[in-house]
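Take a look at the letters that make up each chain.
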Amino acid sequence: CARLRFPPGAGSGGEMAAPISTGSRGAEPGAAPYGNFPNYSRFHPPEGRVSLLPQGLLRSLFPAATRPLLGLDVGCNSGELSVALYQHLLGLQESNSSPEPLGTGKELKLLCCDIDPELIRRAQQSSPFPASISFASLDIMDSGAREPFLSSYLERFGRSSFDIGFCMSVTMWIHLNHGDRGLLEFLALLASLCRFLLVEPQPWKCYRAAARRLRRLGRDDFEHFRSLQINGDMAGSITRILTQECAMELVCSFGSTSWDRSLLLFKSTGAGPQGSD
């Protein structure tokens, strides 16, 4: 595993989405203040992420699993990356549309959520694994909606937490729209929900680019952008928050994508999320 490194970062974009009332249907990318880009995977292809993840990752993380693993993908957009992660983690080929992988302990049930119902509708229509991947419209920052929904899903499997969570280019949109406190609450939530957590933070350059896009379109600036005290090295800041405040440890950095974003894997060290066995 590569040593942890925090690249300078470049590019922009993300996958946390906005309510459909913001006009995500056919909207130009710059008009998506919550990151609800309708064709996100075209400019940040899923292969750019999954190619960095080693084969057999789930087997190495859960060598003794005897029941299906549960995964949570927050800010899944229209699902292309979710499906690619599922296929890669289970060693499925693109052409293999079998919805149930062989081996009871090697199954993965993946719950993917996004705040934009239109993007979720697209994901549901195009998913090749409807028996194993569930897509749902959910504002992860709305505790009144989140808590009963996630609890109900986990109870179906007799669990209280997820085995692995995915947060891929989502942290910036939470941060810009909910401020420093919102980012801290979001990371604490994921740490409490997931035994392992794979995070792809957007670097600070992306924050500035997102703010510029809004200004060019004559939109109001992000409410919290100019008052954020957590700034600069975002991969480093998110790592510090998760390790110092959320009872997680950094397991591995899988390197960086071609658009200079780190893939960081964390593991719970507290008495919260437990294993699958």
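Predicted model only: the values in this text are computed from it and were never measured.

Trainee: Please provide a residue-by-residue account of the overall build of the chain, values included.
Mentor: When you go through the chain residue by residue, the secondary structure sums to 9 helices and 7 strands. Taking all 277 residues of the chain together, 56% fall into the buried category. In the chain, once contacts between residues fewer than 6 apart in sequence are set aside, the share between residues at least 24 apart is 76%. By element, 48% of the accessible surface of the chain is carried by carbon and sulfur atoms, the whole surface being about 11600 Å².

Trainee: Describe a positive patch on the surface, and please don't skip the residues or the numbers.
Mentor: A contiguous patch of positive charge on the surface is contributed by Lys205, Arg208, Arg212 and Arg216. Structurally, Lys205 can be placed in helix H8 (residues 204-216).

Trainee: I'd love a proper account of unusual backbone geometry, names of residues and values included.
Mentor: A positive phi is found at Asn77, a non-glycine position, where the angle reads about 55°. With respect to the helices and strands, the residue Asn77 is situated in the loop between strand S1 (69-74) and helix H4 (80-89). One non-glycine residue, Ser169, lies in positive phi territory at about 55°. With respect to the helices and strands, the residue Ser169 is situated in the loop between strand S4 (162-168) and helix H7 (171-193).

Trainee: How would you explain the sheet that holds strand S7 (residues 262-268) if you had to name every residue and give the values?
Mentor: With mixed pairing, 7 strands are arranged side by side in an open sheet as S3-S2-S1-S4-S5-S7-S6. The open sheet terminates on both sides in strands that have one partner only, identified here as strand S3 (133-137) and strand S6 (248-256). Neighbouring strand axes in the sheet, compared pairwise and without regard to direction, differ in orientation by 20° on average. Two strands pair when backbone bridges link them, and strand S2 (residues 108-114) and S3 are joined in this way by 5 bridges, in the parallel orientation. For Asp114, the partnering residue across the bridge sits in S3 and is Ser137. Across the face of the sheet, H7 comes into contact with S1, S4, strand S5 (194-200) and S6 while running at roughly 150° to S5. The sheet strands contacting helix H9 (residues 234-245) are S5, S6 and S7, and the helix crosses S7 at an angle near 5°.

Trainee: Give me the lowdown on the pairing of S1, citing residues and values where you can.
Mentor: Within S1, 6 of the 6 residues are buried, which leaves it mostly tucked inside the rest of the structure. A two-sided burial pattern is seen for S1, the buried positions comprising Leu69, Gly71 and Asp73 on one face and Leu70, Leu72 and Val74 on the other. Note: S1 against S2, 6 bridges, orientation parallel. Each residue of the ladder has a partner; that of Leu69, found in S2, is Leu108. In terms of strand pairing, S1 meets S4 through 4 bridges, oriented parallel. When the bridges of S4 are listed, Val74 appears paired with Cys167.

Trainee: So what about H4? Which residues, and what values?
Mentor: Helical geometry: 3.6 residues make up each α-helical turn, so side chains three or four residues apart lie on a common side. Most of H4 is tucked away, with 9 of its 10 residues classed as buried. Within the span of H4, buried status applies to Leu81, Ser82, Val83, Ala84, Leu85, Tyr86, Gln87, His88 and Leu89. Turning to H4, the residues buried within the fold contact helix H2 (47-50), helix H3 (57-61), S1, S2, S3 and S4. In the segment just after H4, Gly91 is the residue with positive phi, at about 70°.

Trainee: Before we move on, could you go through helix H5 (residues 117-126) and cite the residues and values that matter?
Mentor: Taken residue by residue, H5 has Glu118, Leu119, Ile120 and Ala123 as its buried positions. A side-chain oxygen of the first residue of H5 lies 2.9 Å from the backbone nitrogen of Glu118; this N-cap is Asp116.

Trainee: Please give an account of the packing of aromatic side chains that cites residues and values.
Mentor: A full pass over the atoms with the stated rule returns 7 aromatic pairs. Considering the side-chain rings of Tyr86 and Phe129, the 4.8 Å spacing of their centres and the 50° angle between planes classify their relative orientation as tilted. Note that Tyr86 is positioned in helix H4 and Phe129 in the loop between H5 and S3, a separation of 43 residues in sequence. Per residue, the accessibility class of Tyr86 equals that of Phe129, and both read buried. Seen from their ring centres, Tyr153 and Phe157 are 5.3 Å apart, and the 55° between their planes marks the pair as tilted. By relative accessible area, which is 23% here, Phe157 ends up partly exposed.

Trainee: Describe the state of the cysteines, with residues and values.
Mentor: Put plainly, a disulfide is one covalent bond tying together the sulfur atoms of two cysteines. Applying the stated criterion across every chain yields a total of 0 disulfides. Cysteine Cys76 is unpaired, with the sulfur of Cys112 as its nearest cysteine sulfur at 5.2 Å. For Cys76, a relative accessible area of 1% gives the class buried.

Criteria and thresholds
- Residues numbered from 1 in each chain as written.
- Predicted model: local features only at pLDDT ≥ 70, side-chain atom pairs only at ≥ 80, totals over all residues.
- Heavy atoms only, no water.
- Helix = DSSP H or I, 4+ residues; strand = E, 2+ residues; numbered from the N terminus.
- Buried < 20%, exposed > 50% of the residue type's maximum accessible area, 1.4 Å probe, protein only.
- Contact = heavy atoms within 4.5 Å.
- Areas by Shrake-Rupley, 256 points an atom, 1.4 Å probe, with all protein chains shown as cover.
- Patch = residues over 30% accessible without salt bridge, like charges linked within 9 Å, V, L, I, M, F, W, Y side chains within 5 Å.
- Salt bridge = Lys/Arg side-chain N within 4 Å of Asp/Glu carboxyl O.
- Lys, Arg positive; Asp, Glu negative; His and termini not counted.
- Charge placed at Lys NZ, Arg CZ, Asp CG, Glu CD.
- Pairing = 2+ DSSP bridges.
- Axes fitted to C-alpha atoms, helices over the stretch in contact; angles between N-to-C directions.
- Polar contact = N/O pair within 3.5 Å; in protein donor to acceptor, adjacent residues only side chain to side chain.
- Phe/Tyr/Trp six-rings, centres within 6.5 Å; stacked < 30°, edge-to-face > 60°.
- Disulfide = S-S within 2.5 Å.

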